[in-house]
Amino acid sequence: MTERRNITIFGAGYVGMSLAVLLAEKNIVNIFDIDQEKVKLINKGLSTIQDPMIDDLLSKKNIKLKATNISAEAIYHSDYYIIATPTDYNSDTQFFNTSSVEKCIQMIVDSGLNGTIIIKSTIPIGFTDQMRKKFKFKKIIFSPEFLREGSALEDNLTPFRIIVGGKCKFSEEFANLLAKAASKEDIPILYMDSKSAESTKLFSNAYLAMRVAFFNELDSFAISNKIEASSIISGICLDDRIGNHYNNPSFGYGGYCLPKDTKQLLSSFNNTPQNLVSAIIDSNRTRKEYIANEILKSNPKIIGIYRLNMKSGSSNFRLSAIIDIIQILKANKAKIIIYEPLIKETTFMDFTIDKSLESFKKNSSIILANRITAEIADVEEKLYSRDLFKEN
């Protein structure tokens, strides 16, 4: 029988929560988060994130998770300390805010315990090496996550690859821990130095952002030239070298990862010549401006914004493309109402939140929907969306 490991996870967001459920079936998992509401949810056997597979497993399987927001309770003898706290991009410093990661490492090292520290948070290139030197602690490794919000557990169960930034015994042990918890067999495991692993994370997300930007620019061209964008995309993507993924036009990329990771990668180039990464960021801004101007052309009386989230099944508003579009419309004195059932307040960005979907549909002259759902299908004549393939 495989030995059960003690694992402490810092951060109960979609990375930490999905890892906790993934590993808890065969190990003893404890979670630390400063958010008391998240702690309460976990201790009630509930998820802190929207993920149907996590909800299903928590209700059907004997998965017991314990959570705390008291650091002294979190720091006890564990074989692995997994750090999955948020690292937002600071546009002033052009750098990730890694303070939460460093605080966690400090707590662990100060405790005198010798478990392996695994950083799952997205970090700047060279950060892991810096932490090893700063804390004089060798057992710090970086293992990037490649998860989609809303499907985080599924992505952990069936990963395309497992990457660990370290070529040592404890790196191999952690990679094997993830592989054994997954449902997929023969998962490629890559061991590399920390800088290479950190770079792999940022370049992967920059590539995905590039694909989104490419198909959005294609779509803008099709709109301007009155060409059928869906036909062009279908014709292009039947080429196996291009593939049929990340090709559904949108109002722009956004969310937890793509905006901040692409900006962090750009700042990492320093004196290295580049054109493409900065063009990806510029293209995303241009797309949002283009969509807003297309809306303003029709001079609508009241613009309805259907949902602020990035995609269906998500509760994430952060860096959502529609937020930037609202700001552009606001600067042009547009009248706006918003339908977003996840917002408890009555206003957002000084605009009214209509709590009634029927009232919202009736009062809107035009409805902007980044992604179309069945509940607005009856007002198709009012919809403005670039959701050509009805997928996220």
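Being a predicted model, the structure only gives us computed values, none of them experimental.

A.B. asks: So what's going on with the overall build of the protein? Residues and values would help.
C.D. replies: Secondary structure summary: the protein contains 14 helices and 16 strands in total. The C-alpha atoms of the protein give 22 Å as radius of gyration, which agrees with the globular expectation for 392 residues (21 Å, within 12%). Structurally, the protein occupies a C-alpha span of about 65 × 50 × 40 Å along its principal axes. A buried classification covers 51% of the 392 residues belonging to the protein. Across the protein, contacts joining residues at least 24 apart in sequence account for 67% of those joining residues at least 6 apart. Of the roughly 19,200 Å² that the protein leaves accessible, carbon and sulfur atoms contribute 52%.

A.B. asks: Now, about helix 1 (residues 14-24): what can you tell me, with residues and values included?
C.D. replies: Within helix 1, 11 of the 11 residues are buried, which leaves it mostly tucked inside the rest of the structure. Tyr 14, Val 15, Gly 16, Met 17, Ser 18, Leu 19, Ala 20, Val 21, Leu 22, Leu 23 and Ala 24 are the residues of helix 1 that are buried.

A.B. asks: Break down the packing of helix 9 (residues 194-224) against helix 12 (residues 276-297) for me, with residues and values.
C.D. replies: It is the contact of helix 9 with helix 12, at a shortest axis distance of 9 Å, that shows an interaxial angle of 40 degrees. One element, helix 9, and the other, helix 12, form an angle in the oblique class. The element helix 9 and its partner helix 12 pack so that their crossing is left-handed. From helix 9, Ala 206, Ala 209, Met 210, Ala 213, Asn 216, Glu 217, Asp 219, Ser 220, Ile 223 and Ser 224 reach across to helix 12, where they touch Leu 276, Ile 280, Ser 283, Arg 287, Tyr 290 and Glu 294.

How each quantity is defined
- Residues numbered from 1 in each chain as written.
- Predicted model: local features only at pLDDT ≥ 70, side-chain atom pairs only at ≥ 80, totals over all residues.
- Heavy atoms only, no water.
- Helix = DSSP H or I, 4+ residues; strand = E, 2+ residues; numbered from the N terminus.
- Rg over C-alpha atoms; globule rule 2.2 N^0.38 Å.
- Buried < 20%, exposed > 50% of the residue type's maximum accessible area, 1.4 Å probe, protein only.
- Contact = heavy atoms within 4.5 Å.
- Areas by Shrake-Rupley, 256 points an atom, 1.4 Å probe, with all protein chains shown as cover.
- Axes fitted to C-alpha atoms, helices over the stretch in contact; angles between N-to-C directions.
- Parallel < 35°, antiparallel > 145°, perpendicular 65-115°, else oblique.
- Left-handed = near helix turned anticlockwise from the far one by under 90°.

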